[in-house]
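Single-letter residue listing:
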Amino acid sequence: MPSFDKNKIGEIRPNQMITTFGPGSIVDAVKDSVTVLDTSYWKEKGERLNDSRLASYLGVNYFHKPKSAAYRDVPAVSFPYMHVCSNPSCGLIFDVRENFDIEKYLKFGVNCPKCQRSAYPSRFIVMCQNGHIDDFPWRWWVHKGDVPCKENLYLRSTGQSSTLSDLIVRCGCGAWRSMSGATQPDKFIDLKCCGHHPFRPDHKNESCDAPVIPSQRGASNVYFPVIRSAISIPPWINPIHNLIDTHITLIEQMIELGIDDAESRIYEKYFASTFTREEFDEALKRRRENIREFKEIKQMEYDAITHHNDPLYASNRKYFKAEEEVLPTYLSRYFSRVIRVTRLREIKVLLGFTRVDAPDPDADKQDNIVYLSRTSEKWLPAVDINGEGIFIEFNRETLAAWNESNEVAELSKRYSKCYDDYCSSRGWTNIVSRDAEYVLMHTFAHLLIKEMSLKSGYSSSAIRERIYSSDKMSGILLYTGSSDKEGSLGGLVALGDCRKLIPIIKSALENALVCTNDPECLSKLPTSQKSSGAACHSCCMISETACENGNRMLDRALVVPLDERERLAYFKDLVDELCGLEV
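Because the structure is a prediction, the values reported are computed rather than measured.

**Thoughts on the overall build of the protein**
Moving on, step 1. When its secondary structure is counted, the protein shows 14 helices and 23 strands.
Moving on, step 2. A globule of 583 residues ought to have a C-alpha radius of gyration of about 25 Å, and the protein, at 27 Å, matches this closely.
Moving on, step 3. Projected onto its principal axes, the C-alpha coordinates of the protein cover approximately 80 × 70 × 40 Å.
Moving on, step 4. Here the protein, with 583 residues, has 54% of them falling under the buried criterion.
Moving on, step 5. Contacts spanning at least 24 positions in sequence make up 70% of the contacts within the protein whose residues lie at least 6 apart.
Moving on, step 6. Accessible surface, the protein: about 26,400 Å² in total, of which carbon and sulfur atoms supply 47%.
Moving on, step 7. For the protein, the separation between the mean place of its 74 positive charges and that of its 80 negative charges on side chains is 6 Å.

Shown next, in the form of structure tokens:
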């Protein structure tokens, strides 16, 4: 957004609008905290992005970047509504919406209506599993229930400590109560959610009987963005598909109105000068074949990377370019190929958000998601990231033999059941298998990310993963990127050279053999509530912004031989051969 202006309440980068501070989130601004409004309230949109494959799956026509080049780009409202006077001798708790003056607000921020001193937004809020959020029930709290009292409320500190019990809420009627327990759900059993969405200020409260969950407004579980992303691959990003996306709404409208030869008319007017009728018909057919499951998108990416020399996938070098490395013989037992993706583009699309629990990245249906509004234009906010990556495909024959082991097969069933139970407990529709094979590749990806961050110049949070695991896929893509048009600087893709990659694999395997939290860490087994085995932040876990599965489904015992679990390790012989360690 533009340089600081006295009438602005804060600044957010376009990428942050998708990943951190999207509609429904609470943003700490310069003089207040606010929530970004739903996309239906956005008067202007930024640059248009096209990816027919992702648009088809999400049921929209195209995407737009958040506008970031003008004054007051993205609308927001003050939230929490309740503010507290900063004057220690006052401490009035009041609703900022009462007698609200926008000009004074933009210039001075929020001031106490009683003593005119500056005020700050309430630290406390309440929310529910269905995504609703509202002010902390101050009057209900101090009176221990609903009462008709309308006296002023005050929040003051005794100054004796920094705990919540040091904060005292007082009512003008004489009632008072400390804030001790104000973040404990069992204290709010008698209170039900009111169904409020502050990011849709014109909407009525929804019907909701979910239990209230108290929290502080800056807590990490207040907002989880629901993002779908895709690596842009030909032919879906070729010019004809972009043009199809531009006119798909017009084509559909003309057909609905019964206009004769609607497709031919559109072709003659917009496509004939550049493309043949056969190219137009093929692109339109592909666009209409809606992608119903997210795993189809991953399968297309996998096919494009593994067949990168195919003319179909080599038709757009601007956004997708790859080259294969020659593997040494001893590694070909474990990996089929290593491909350096020297150029890629990822499109990240914001669908909505959840509260309390993070969403599943691959589940196609989740009951507790609050989706963004779909306007008649059928678009969603998105950003594109240009970058680079390294793709490693596992040897399917070796994987099959490894899976046939009784110990691995038994653990694989346990992982599948634990993941199914985990999804069921959160109301997710799980159609993707998460077995030992997925856990192996996922853990190996984390171990490589930790090592690559030391060699590439990128932090571990900047290197992201994409796991391709199914009956037809067995690979991992480690990639990084930048929202800058030039993308990243080549530091990661250079590590795809086998002369550099082999030492990284060696270090990753050696470091996975021992964890500072052993023996506690290595003895862990997956459960429905904790779907990881031998894994912790000291050995396997990375930043959750880099992990596609929220640091779930990890177990280094499937990668390297650990004490009393040696037969589970996929790389057992490689540890002996590459690291010179016999376990």
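The structure having been displayed, the exposition proceeds.
**Some remarks on the pairing of strand E11 (residues 153-157)**
Moving on, step 1. As paired strands, strand E7 (residues 92-95) and E11 are joined by two bridges and run antiparallel to one another. Among the inter-strand pairings, Ile93 is bridged to a residue of E11, identified as Leu153.
Moving on, step 2. Note: E11 against strand E12 (residues 167-171), five bridges, orientation antiparallel. Counted as the bridge partner of Arg156 is Ile168 from E12.

**Re the packing of aromatic side chains**
Moving on, step 1. In this structure the tally under the stated criterion is 30 aromatic pairs.
Moving on, step 2. Ring centres of Phe100 and Tyr105 lie 5.2 Å apart, and the angle between their planes is 50°; this geometry places the pair in the tilted category.
Moving on, step 3. What makes Phe100 partly exposed here is its relative accessible area of 40%.
Moving on, step 4. When the ring of Phe199 is compared with that of Phe353, the centres are 5.3 Å apart and the planes differ by 75°; the resulting orientation is edge-to-face. Taken together, the residues span a long stretch of sequence, with Phe199 in the loop between strand E13 (176-178) and strand E14 (213-216) and Phe353 in strand E17 (residues 335-354) at a distance of 154 residues.
Moving on, step 5. Looking at Phe353, the relative accessible area reads 0%, which means it is buried.
Moving on, step 6. Through a chain of ring-to-ring contacts, the aromatic side chains of Tyr334, Phe335, Phe394, Trp402, Phe444, Tyr570 and Phe571 assemble into a single cluster.
Moving on, step 7. When the ring centre of Tyr81 is taken as origin, the NZ or CZ atom of Arg97, which lies over that ring, is 3.6 Å away.
Moving on, step 8. When the ring centre of Tyr438 is taken as reference, the NZ or CZ atom of Arg434 above it lies at 4.1 Å.

**Looking at helix H10 (residues 396-403)**
Moving on, step 1. When H10 is considered as a whole, its buried residues turn out to be Thr398, Leu399 and Trp402. Each buried residue of H10 lies within a common arc of 100° when the element is viewed along its axis, so the set occupies one face.
Moving on, step 2. The elements touched by buried residues of H10 are strand E20 (379-394), helix H11 (406-425), helix H12 (436-456) and strand E23 (474-482).
Moving on, step 3. Measuring from the backbone nitrogen of Glu397 back to the side-chain oxygen at the start of H10 gives 2.9 Å, which picks out Asn395 as the cap.

**Remarks on the environment of Ser405**
Moving on, step 1. One can find Ser405 in the loop between H10 and H11.
Moving on, step 2. In the structure, Ser405 is positioned 162 residues away from Arg567 in sequence and 8.3 Å away in space, judged by C-alpha atoms.

**Re the packing of H10 against H12**
Moving on, step 1. Orientation of H10 relative to H12, taken along the N-to-C sense of each, is 125°, at an axis distance of 11 Å. On the basis of the axis angle, H10 is oblique to H12. Handedness of the H10/H12 crossing: right-handed. Together, Arg396, Leu399, Trp402 and Asn403 of H10 and Ala436, Glu437 and Leu440 of H12 make up the contact between the two elements.
Moving on, step 2. The residue makeup of the contact of H10 with H12, split by class, is four nonpolar, one polar and two charged.

**Looking at unusual backbone geometry**
Moving on, step 1. The amide bond that connects Phe79 to the next residue, Pro80, takes the cis arrangement and shows omega of 0°.
Moving on, step 2. By the element assignment, Pro80 lies in the loop between strand E5 (76-78) and strand E6 (82-85).
Moving on, step 3. For the peptide bond that leads from Asp518 to Pro519, omega is 5°, which places it in the cis range.
Moving on, step 4. With respect to the helices and strands, the residue Pro519 is situated in the loop between helix H13 (498-512) and helix H14 (572-579).

**Focus on the nonpolar core**
Moving on, step 1. Residues Phe335, Phe444, Leu509 and Phe571 are the most contacted members of the largest nonpolar core, which totals 68 residues.
Moving on, step 2. Elements that contribute at least two residues to this core include exactly E17, E20, H10, H11, H12, E23, H13 and H14.
Moving on, step 3. Leu49, Tyr57, Phe199 and Val226 belong to the second largest nonpolar core, which has 26 residues in total.

**Digging into the environment of Phe571**
Moving on, step 1. For Phe571, the location among the structural elements is in the loop between H13 and H14.
Moving on, step 2. A residue is classified by how much of its surface remains accessible, and Phe571, at 0% relative accessible area, is buried.
Moving on, step 3. Placed 356 residues apart in sequence, Phe571 and Ser215 show a C-alpha to C-alpha distance of 44 Å.
Moving on, step 4. Ignoring anything within four residues of it in the chain, the contact list for Phe571 reads Tyr334, Phe335, Phe394, Leu440, Phe444, Leu509 and Val559.

**Overview of the pairing of strand E15 (residues 224-231)**
Moving on, step 1. The element E15 is extensively covered by neighbouring structure, given that seven of its eight residues are classed as buried.
Moving on, step 2. Where E15 meets E17, eight bridges bridge the pair, whose relative direction is antiparallel. Residue Phe224 lies in a different strand from E17, and its bridge partner there is Thr354.

**Here's the deal with the pattern of salt bridges**
Moving on, step 1. As enumerated under the stated definition, the model contains 21 salt bridges in all.
Moving on, step 2. Among the ionic pairs, Asp281 bridges to Arg277, the shortest N-O distance being 2.9 Å. Taken together, the residues Asp281 and Arg277, both in helix H7 (residues 277-288) and four residues apart, mark about one turn of the helix.
Moving on, step 3. What makes Asp281 partly exposed here is its relative accessible area of 33%.
Moving on, step 4. The network of salt bridges with common partners includes Glu47, Lys65 and Asp384.

Conventions we followed
Residues numbered from 1 in each chain as written. Predicted model: local features only at pLDDT ≥ 70, side-chain atom pairs only at ≥ 80, totals over all residues. Heavy atoms only, no water. Helix = DSSP H or I, 4+ residues; strand = E, 2+ residues; numbered from the N terminus. Rg over C-alpha atoms; globule rule 2.2 N^0.38 Å. Buried < 20%, exposed > 50% of the residue type's maximum accessible area, 1.4 Å probe, protein only. Contact = heavy atoms within 4.5 Å. Areas by Shrake-Rupley, 256 points an atom, 1.4 Å probe, with all protein chains shown as cover. Lys, Arg positive; Asp, Glu negative; His and termini not counted. Charge placed at Lys NZ, Arg CZ, Asp CG, Glu CD. Pairing = 2+ DSSP bridges. Phe/Tyr/Trp six-rings, centres within 6.5 Å; stacked < 30°, edge-to-face > 60°. Lys NZ or Arg CZ within 6 Å of the ring centre and 35° of its normal. Arc of directions from axis to C-beta. Polar contact = N/O pair within 3.5 Å; in protein donor to acceptor, adjacent residues only side chain to side chain. Axes fitted to C-alpha atoms, helices over the stretch in contact; angles between N-to-C directions. Parallel < 35°, antiparallel > 145°, perpendicular 65-115°, else oblique. Left-handed = near helix turned anticlockwise from the far one by under 90°. Nonpolar A, V, L, I, M, F, W, Y, C, P; charged D, E, K, R; others polar. Core = buried A, V, L, I, M, F, W, Y, C linked by side-chain atoms within 4.5 Å. Salt bridge = Lys/Arg side-chain N within 4 Å of Asp/Glu carboxyl O.

These values are about where atoms sit, not about what they do.
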